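In case you want the letters, here they are:
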Amino acid sequence: MAHIIVTGNEKGGSGKSTTAMHVATALARMGHRVGALDLDIRQRSFGRYVENRRAFLLREGREMPTPDYRALPPAGSEGIDRAFAEMVEALSESADFIVIDCPGSHTRLAQMAHAMADSLVTPLNDSFIDFDLLARIDPMTNKVLGPSIYAEMVWQARQTRAEAGLKPIDWLVLRNRMGTQQMHNKRRVGEALKALAKRIGFRVAPGFSERVIFRELFPRGLTLLDLRDIGTESLSLSNIAARQELRDLIAALDLPGVKVDF
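Along each chain, the written sequence defines residue order, and numbers are assigned to residues from 1. Totals for whole chains, interfaces and linings use every residue, but because this is a predicted model, local features are given only for residues with pLDDT of at least 70 and side-chain atom pairs only at 80 or more, for both listing and counting. In computing side-chain properties, one takes all heavy atoms of the structure into account and sets aside hydrogens as well as water.

**Student:** Explain the environment of Ala 192 to me, please; I cannot follow it from the model alone.
**Tutor:** To qualify as a helix, a DSSP run of H or I must reach at least 4 residues; to qualify as a strand, a run of E must reach at least 2; elements of each kind are numbered from the N terminus. Position of Ala 192 relative to the elements: it lies in helix α7 (residues 183-200). Assessed through its relative accessible area of 1%, Ala 192 is described here as buried. Considering only alpha carbons, one finds Ala 192 and Ile 137, 55 residues apart in sequence, at a separation of 8.2 Å. Residue contacts are defined here by distance: any two heavy atoms, one from each residue, within 4.5 Å place the two residues in contact. If we skip the residues at most four places from it in the chain, Ala 192 touches Phe 128, Phe 131, Asn 142 and Val 144. In this scheme, a residue with accessible area under 20% of its type's maximum is buried, one over 50% is exposed, and one in between is partly exposed, where area comes from a 1.4 Å probe on protein chains only.

Below you can see the structure in the form of structure tokens.
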């Protein structure tokens, strides 16, 4: 069976689709067979990212490793739950990994995906606004009071997997868009995440910094690892740092059979 990687967070704008695309494409470039599904049926940011890539390669007459993306039926279609399950089953027969990007909201499909996840990646903007989806904290003491809505959904997914006799979800929370300013707030968020990680069972890793390059790559469907292939021989220091962030992310995922070699 394919190893299923789910990017999930019930808040938009946290970097889920960018993370999903870079993880999926990095694995494909390392020689793994990768399937891809986007459960945000309305916005389809991950799906459009892959489609942009296919269009760019066709237009330029190039070949580069690309995830095998399958589009779900339109929103409101009858039997969409069954269609999703069947797509996962079909991809499992041909792929080593399946990357599933969830919407920034609570949906039935997102619940199903979380219960399927072998690895769960939750990109989190480095602020207490995003942290509130994971847990409630005391504003005076910074003490974690208890899990919040998204953490409770992950707990339910873990229960579903346990009842089915499946291995536990490996949950990785990424601290995205960590700025160089507001060091006091960054430290407070870090301390709160560390305390919560022990309490509800996830690992914390640094994610992607805020960079213009990510907005420039999307229209062409490209990732950081494609820049040299399209003739960008001289990478900026920012791009080199971003590649290192991606390398660190793939290493932090600790996926079976994956050796980071880029």
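**Student:** Teacher, can you tell me more about the pattern of salt bridges here?
**Tutor:** One side-chain nitrogen of Lys or Arg within 4 Å of one carboxyl oxygen of Asp or Glu is enough to make a salt bridge. Enumeration over the complete set of coordinates arrives at 13 salt bridges. With its nearest N and O atoms 2.9 Å apart, the salt bridge here joins Asp 68 to Arg 70. For Asp 68, a relative accessible area of 30% translates into the label partly exposed. By relative accessible area, Arg 70 is classed as partly exposed at 29%.

**Student:** Can you walk me through the side chain of Ser 17 in this structure?
**Tutor:** Within the secondary structure layout, Ser 17 lies in helix α1 (residues 16-29). Here Ser 17 is in contact with Ser 45, Phe 46, Tyr 49 and Asp 101, once residues within four sequence places are set aside.

**Student:** I would appreciate a short explanation of the environment of Val 204 in the present structure.
**Tutor:** Tracing the sequence through the fold places Val 204 in strand β9 (residues 203-206). It is 6.0 Å that separates the C-alpha atoms of Val 204 and Leu 174, two residues lying 30 residues apart in sequence. Beyond its immediate chain neighbours, meaning those up to four positions away, Val 204 contacts Leu 172, Val 173, Arg 175, Leu 193 and Ala 197.

**Student:** Looking at this structure, how should I read the pairing of strand β4 (residues 97-101)?
**Tutor:** As a general feature of sheets, a regular strand has side chains that alternate between the two faces. Counting buried positions over the five residues of β4 gives five, a clear majority of the element. Residues Phe 97, Val 99 and Asp 101 line one face of β4 and the alternating positions Ile 98 and Ile 100 line the opposite face, and both faces are buried. Two strands are said to pair when DSSP picks up at least two bridges between them. Where strand β1 (residues 3-7) meets β4, five bridges bridge the pair, whose relative direction is parallel. In the sheet register, Val 6 faces β4, and the bridge partner there is Ile 100. With five bridges connecting them, strand β2 (residues 34-38) and β4 associate as parallel partners. By the bridge assignment, Gly 35 is partnered in β4 with Ile 98.

**Student:** Looking at this structure, how should I read helix α6 (residues 149-163)?
**Tutor:** Helical geometry: 3.6 residues make up each α-helical turn, so side chains three or four residues apart lie on a common side. One fewer than the residue count of a helix, multiplied by 1.5 Å, yields its expected span. The end-to-end C-alpha distance of α6 is 21 Å, a good match for the 21 Å that 15 residues give at a rise of 1.5 Å each. Turning to α6, its buried residues number three or more, namely Tyr 150, Ala 151, Met 153, Val 154, Ala 157 and Arg 161. One face of α6 carries all of its buried residues, which in axial projection span an arc of 155°. Away from its buried face by more than 90 degrees, α6 exposes Trp 155, Ala 162 and Glu 163. Two residues or fewer after α6 comes Gly 165, characterised by a positive phi angle close to 75°. This arc describes the spread of directions from the helix axis toward the C-beta atoms.

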